[in-house]
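Structural overview for review
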Amino acid sequence: MESSPSITANNNNVWLFYPNLIGYGRIVLAILAMYYMSSSPVCAMLCYALSAGLDAFDGWAARTYNQSSRFGAMLDQLTDRCALLALVMALCKFFPDHLFLLQLSAVIDIASHWLHLHATDLSGASSHKQSSNWLLNLYYTDRMFLGFMCGGNEAFYILLYIRAFWAGPLIFGAFHFMSIFPLIAFPIAFVKSAISVVHLYTAAEMVVAHDVKLRENAQKAK
């Protein structure tokens, strides 16, 4: 018998919320992907793609069964960021000539999302998917735009990983066939990184505003 949203909404065992159970599965798949990344690209990408794909289902489960939680949001965020970081670390090994750019992309991604999540908590917002910034508001409220940007960003790194193992035939004696696909996805990844920079700046503004408010309140209390 299928559980109704009204019944599951009264369940306060956050550890066993449906979206969080999906999140645990995503973590297992991400760890398996990391294990296979250096030697078995097919297994690695299968596990990575399944972990990334399940990201859509945990959000659906949270909304359907009214099981949104701060723990679930953080679990989802950490899984996304750490899985991508692991993939970028592998790319640093396969493309050492581009080490700095890969490192920079990873640092921007981790720093922006961490500060944004922390700023959300300080502001008392009910969800990290809220922002007064027009670009971030579009990013979080338009699911098609969000899906396109996140999917295109993931595609860039995945295709770059595949390129490390299968270069394909040489085209016009200048570049390999498999190099075309990461190049197509690169503009999306670049724009996604630019949005992350906006994330970082607006989150820093929120934290600074919080600090200023605390200092002003402390001064008034004297």
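Computed from a predicted structure; not experimentally measured.

Another aspect to go through is the overall build of the chain. Each helix and strand counted, the chain has 9 helices and 2 strands in total. Listed N to C, the secondary structure of the chain is α-α-α-α-α-α-α-α-β-β-α in terms of helices and strands. Dimensions of the chain along its principal axes, counting C-alpha atoms only, are 70 × 55 × 30 Å. For the chain, the proportion of its 222 residues judged to be buried stands at 36%. Considering only intrachain contacts with a sequence separation of at least 6, the fraction spanning at least 24 residues in the chain is 73%. Carbon and sulfur atoms form 70% of the exposed surface of the chain, whose accessible area is close to 13100 Å². Taken as two groups, the 13 positive and 13 negative side-chain charges of the chain have centres that lie 4 Å from each other.

This part is about the side chain of S69. On the secondary structure map, S69 appears in the loop between α4 (55-64) and α5 (70-94). Taking the relative accessible area as the measure of exposure, S69 reaches 18% and is therefore buried. Among the polar contacts made by the side chain of S69, one reaches the main-chain amide nitrogen of G72 at a distance of 2.9 Å. Residue contacts for S69: discarding those within four places in its chain leaves V14, F17 and N20.

Let us now look at helix α8 (residues 143-165). With 23 residues, α8 should reach 33 Å at 1.5 Å per residue; the first-to-last C-alpha distance of 33 Å fits that figure. Three or more residues of α8 are buried, namely L146, M149, G152, N153, E154, F156, Y157, I158, L160 and Y161. Looking at the buried positions of α8, the neighbouring elements they touch are α2 (18-36), α3 (41-53), α5, α6 (99-123), α7 (134-141) and α9 (180-221). Of the residues that open α8, the one with a side-chain oxygen 3.1 Å from the backbone nitrogen of M144 is D142.

Bringing α9 into the picture now. Note on helix geometry: an α-helix contains 3.6 residues per turn, so any two residues three or four positions apart are oriented the same way. Along its 42 residues, α9 runs 62 Å from first to last C-alpha, staying within 8% of the 62 Å computed at 1.5 Å per residue. Where α9 bends most, at F186, the angle is about 35 degrees, and the proline P187 comes one to four residues later. Within α9, the full set of buried residues consists of P182, A185, I188, A189, K192, I195, S196, H199, T202, A203 and V207. Looking at the buried positions of α9, the neighbouring elements they touch are α5, α6, α7 and α8.

Rules of the game
Residues numbered from 1 in each chain as written. Predicted model: local features only at pLDDT ≥ 70, side-chain atom pairs only at ≥ 80, totals over all residues. Heavy atoms only, no water. Helix = DSSP H or I, 4+ residues; strand = E, 2+ residues; numbered from the N terminus. Buried < 20%, exposed > 50% of the residue type's maximum accessible area, 1.4 Å probe, protein only. Contact = heavy atoms within 4.5 Å. Areas by Shrake-Rupley, 256 points an atom, 1.4 Å probe, with all protein chains shown as cover. Lys, Arg positive; Asp, Glu negative; His and termini not counted. Charge placed at Lys NZ, Arg CZ, Asp CG, Glu CD. Polar contact = N/O pair within 3.5 Å; in protein donor to acceptor, adjacent residues only side chain to side chain. Expected span 1.5 Å × (residues − 1). Bend = angle between axes of the 7 residues up to and from the residue.

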